[in-house]
Amino acid sequence: QVQLVESGGGTVQAGGSLRLSCAASGRTSSSDAMGWFRQGPGKEREFVAAFTWTGATATAASVKGRFTISRNNAKTTAYLQMNSLKPEDTAVYYCAVKSGAYSVAYFTPGEAGYWGQGTQVTVSP
């Protein structure tokens, strides 16, 4: 089992920044992919960004150039730095892990084996 705990959400004005954190514990593996998804009001959960511990990364086109995913050297925490936030970025942001990803960072919600509880991000106009 893998436990994921997100933090760092909140309310910010358009153009502002937030940094999300996801602390992982339990049976994590160097072959995992770890990433962020979001689900806006009335929308399906969508991929935002992810990485593998082997160094691969993937970022959704809608946030590329504004959001950056990173992790700590201890391989226990993932971060999502969100800059130039827009009202359409308003959503619940979830951290997720896919086991056995190896060198492929991108994964779909259906491929995630573990989820965090989510953290709300609200961007006001």
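The structure displayed is predicted, hence computed values, not measured ones. Residue positions are given per chain, counted from 1 along the sequence in the order it is written. Local features are withheld for residues below a pLDDT of 70 in this predicted model, meaning they are given only at 70 or higher, and side-chain atom pairs are given and counted only at 80 or more; totals for whole chains, interfaces and linings count all residues. The basis for every side-chain value is the complete set of non-hydrogen atoms in the structure, without hydrogens or water.

Asker: Is there a simple way to explain the environment of S17 in this structure?
Answerer: Runs of H or I in DSSP of at least four residues are treated as helices and runs of E of at least two as strands, each being numbered from the N terminus. Relative to the helices and strands, S17 resides in the loop between β2 (10–13) and β3 (18–26). Judged by relative accessible area, S17 falls into the partly exposed class, the value being 40%. Any pair of residues with heavy atoms lying within 4.5 Å of one another is described as a contacting pair. Residues contacting S17, with those up to four places away along its chain left out, are V12, Q81, M82, N83, S84 and L85. Buried residues are those whose accessible area, probed at 1.4 Å on protein chains only, stays under 20% of the maximum for their type, while exposed residues exceed 50% and partly exposed ones sit between those limits.

Asker: Looking at this structure, how should I read unusual backbone geometry?
Answerer: Peptide bonds are mostly trans, and most non-glycine residues show a negative phi. Phi is positive for S84, close to 50°, though the residue is something other than glycine. Mapped onto the elements of the fold, S84 is located in the loop between β8 (77–82) and β9 (91–98). In the Ramachandran plot, Y102 falls in the positive-phi region, its phi being about 55° despite a non-glycine side chain. Position of Y102 relative to the elements: it lies in the loop between β9 and β10 (114–115).

Asker: What is the right way to look at the pattern of salt bridges in this model?
Answerer: Just to be clear on terms, a salt bridge is a Lys or Arg side-chain nitrogen sitting within 4 Å of an Asp or Glu carboxyl oxygen. Counted under the stated rule, the structure contains 4 salt bridges. Each of the salt bridges in this network shares a partner with another, and the network as a whole consists of R38, E46, R66 and D89.

Asker: Mind showing me how you'd approach the sheet that holds strand β7 (residues 67–71) here?
Answerer: The strand order across the open sheet built from 4 strands is β1-β3-β8-β7, with neighbouring strands paired in antiparallel fashion. Two strands in the sheet have a free side with no partner beyond their single neighbour: β1 (2–7) and β7. When the angles between neighbouring strand axes are averaged without regard to direction, this sheet yields 15°. Any two strands are treated as partners once DSSP identifies two or more bridges connecting them. Sheet analysis places β3 next to β8, joined by 6 bridges and oriented antiparallel. The residue bridging L18 from the neighbouring strand is M82, located in β8. Note on geometry: axes are C-alpha line fits, over the in-contact stretch for helices, and angles between N-to-C directions span 0 to 180 degrees.

Asker: Is there a simple way to explain the side chain of T90 in this structure?
Answerer: Within the secondary structure, T90 is located in the loop between β8 and β9. Contacts described as polar in this section are N or O atom pairs within 3.5 Å, which, within protein, must combine one atom able to donate a hydrogen with one able to accept it, while residues neighboring in sequence count only if both atoms come from side chains. A polar side-chain atom of T90 sits 2.9 Å from the main-chain carbonyl oxygen of P87. Those residues in contact with T90 that sit more than four places away from it in its chain are G40, P41, Q120, V121, T122 and V123.

Asker: Explain the packing of aromatic side chains here, please?
Answerer: What describes a pair of aromatic rings is the distance from one ring centre to the other and the angle between the planes of the rings. Two rings from Phe, Tyr or Trp (for Trp, the six-membered ring) form a pair when their centres are within 6.5 Å of each other. A pair whose planes differ by under 30 degrees is stacked, one over 60 is edge-to-face, and the rest are tilted. This model, assessed by the stated rule, comprises 6 aromatic pairs. With centroids separated by 5.2 Å and ring planes inclined at 65°, the aromatic side chains of F37 and F107 adopt a geometry described as edge-to-face. Here F37, found in strand β4 (residues 33–39), pairs with F107, found in the loop between β9 and β10; they are 70 residues apart in sequence, far enough to count as distant. Per residue, the accessibility class of F37 equals that of F107, and both read buried. Where F37 meets W115, the ring centres are 5.2 Å apart and the plane angle is 65°; that geometry is what we call edge-to-face. Of this pair, F37 sits in strand β4 while W115 sits in strand β10; the two residues are 78 residues apart in sequence, bridging distant segments of the chain. Among the aromatic residues, those joined into a cluster by ring pairs are F37, F47, Y94, Y106, F107 and W115. Geometrically, a charge over a ring is one whose NZ (Lys) or CZ (Arg) sits within 6 Å of the ring centre while staying within 35 degrees of the ring normal. Here the basic side chain of R45 rests over the ring of W115, its NZ or CZ set 4.6 Å away from the ring centre.

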